[in-house]
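# Geometric and topological summary
Here's the letter readout for the chains.
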Amino acid sequence: MIDELFGAIERIGRVHSFAKGMGIAAPQIGIPRAAAIVLPPTAGADPIILLNPKVTAVSDETDEQYEGCLSFFDVRGMVPRPLRMDVTAAVLDGTVTTVTYEFGLARLIAHEIDHLDGLLYTDRMRQGVHPIPVEEYRGAGTSWTY
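## Let's talk about the nonpolar core
Among the nonpolar cores identified, the biggest contains 15 residues, and Val-38, Ile-48, Leu-50, Met-85, Val-87, Tyr-101 and Ile-109 are the most heavily contacted of them. When residues of this core are traced back to their parent elements, those giving at least two are strand E2 (35-39), strand E3 (48-58), strand E6 (84-90) and helix H2 (103-116). Top element by residues in this core is H2. It accounts for six residues. Residues in contact with Ile-109, not counting those within four places in the same chain, are Val-38, Ile-48, Leu-50, Met-85, Val-87 and Tyr-101. Counting twelve residues, the second largest nonpolar core, distinct from the first, contains Ile-24, Ala-26, Leu-51 and Ala-90.

The following block contains the structure:
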């Protein structure tokens, strides 16, 4: 299953670069498991493998940034997310750990965990806010600001 997720990331990465990092959840490619992989935006950073992840704490501080999604690649949406969150998940050897993620990495992790919970980023957008076509999105290729 993890190999299938990495394979999907590799295929997608051949046609598009993701300056803000990227992730993929098992359900997005038809695997009914609570697993996801996140590739941080930092060059050379190790991939984050999430098995049965659960958000155990979030900061009160939030921000709104544009997000995209491989599930519907032609639009971007402004999504509020916590700036920091703790996630408990298993690693490949079965050990359960809790890790604190911040800023853009917290956003990426939250996005993938939402997929595991059956949510899309559009479910997190404020009422009355709608996705915009990628052509209108002016932040393409730039880092989230904090």
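And the narrative resumes.
## Digging into the sheet that holds E3
Judged by pairing direction, the sheet is antiparallel, and its five strands sit side by side in the order E1-E2-E3-E6-E7 without closing on themselves. Because the sheet does not close on itself, it has two edges, and the strands there are strand E1 (22-25) and strand E7 (96-102). Averaged over neighbouring strand pairs, the angle between their axes works out to 40° when direction is ignored. Set on the sheet, H2 makes contact with E1, E2, E3, E6 and E7; between it and E2 the angle comes to about 155°.

## Here's the deal with H2
Compared with an ideal rise of 1.5 Å per residue, which puts 14 residues at 20 Å, H2 spans 20 Å between its outermost C-alpha atoms and is within 8% of the ideal. When you tally the buried positions in H2, you get twelve out of 14 residues, the bulk of the element. Residues of H2 that are buried: Gly-104, Ala-106, Arg-107, Leu-108, Ile-109, Ala-110, His-111, Glu-112, Ile-113, Asp-114, His-115 and Leu-116.

## So, the sheet that holds strand E8 (residues 132-133)
Spatially, the three strands line up as an open sheet ordered E4-E5-E8, and their pairing is antiparallel. Pairing within the sheet leaves two strands with one partner each, and these edge strands are strand E4 (62-67) and E8.

## Remarks on the packing of aromatic side chains
Counted under the stated rule, the structure contains two aromatic pairs. Each ring, one from Tyr-66 and one from Tyr-137, has its centre 5.1 Å from the other, and the planes form 65°; the classification is edge-to-face. Taken as a pair, Tyr-66 in strand E4 and Tyr-137 in the segment after E8 lie far apart in primary sequence, 71 residues in all. Tyr-66 sits in the partly exposed class, given a relative accessible area of 28%. On the accessibility criterion, Tyr-137 (10% relative accessible area) is buried. Aromatic side chains Phe-72 and Tyr-121 sit 5.2 Å apart centroid to centroid with 40° between the ring planes, which places their arrangement in the tilted category. Within this pair, whereas Phe-72 is found in the loop between E4 and strand E5 (75-82), its partner Tyr-121 is found in the loop between H2 and E8, the two being separated by 49 residues in sequence.

## Remarks on the pattern of salt bridges
This model, assessed by the stated rule, comprises six salt bridges. With a closest N to O distance of 2.9 Å, Asp-63 and Arg-107 form a salt bridge. Residue Asp-63 is located in strand E4, and its partner Arg-107 is located in helix H2; the two are separated by 44 residues in the primary sequence. We note a salt bridge from Asp-114 to Arg-124, for which the minimum N-O separation is 2.8 Å. Highlighted residues: Asp-114 in helix H2 and Arg-124 in the loop between H2 and E8, separated in sequence by ten residues. On the basis of relative accessibility, which here comes to 5%, the residue Asp-114 falls in the buried class. Given a relative accessible area of 37%, Arg-124 falls into the partly exposed group.

The rules behind each value
- Residues numbered from 1 in each chain as written.
- Predicted model: local features only at pLDDT ≥ 70, side-chain atom pairs only at ≥ 80, totals over all residues.
- Heavy atoms only, no water.
- Core = buried A, V, L, I, M, F, W, Y, C linked by side-chain atoms within 4.5 Å.
- Buried < 20%, exposed > 50% of the residue type's maximum accessible area, 1.4 Å probe, protein only.
- Helix = DSSP H or I, 4+ residues; strand = E, 2+ residues; numbered from the N terminus.
- Contact = heavy atoms within 4.5 Å.
- Pairing = 2+ DSSP bridges.
- Axes fitted to C-alpha atoms, helices over the stretch in contact; angles between N-to-C directions.
- Expected span 1.5 Å × (residues − 1).
- Phe/Tyr/Trp six-rings, centres within 6.5 Å; stacked < 30°, edge-to-face > 60°.
- Salt bridge = Lys/Arg side-chain N within 4 Å of Asp/Glu carboxyl O.

These figures capture arrangement, not role.
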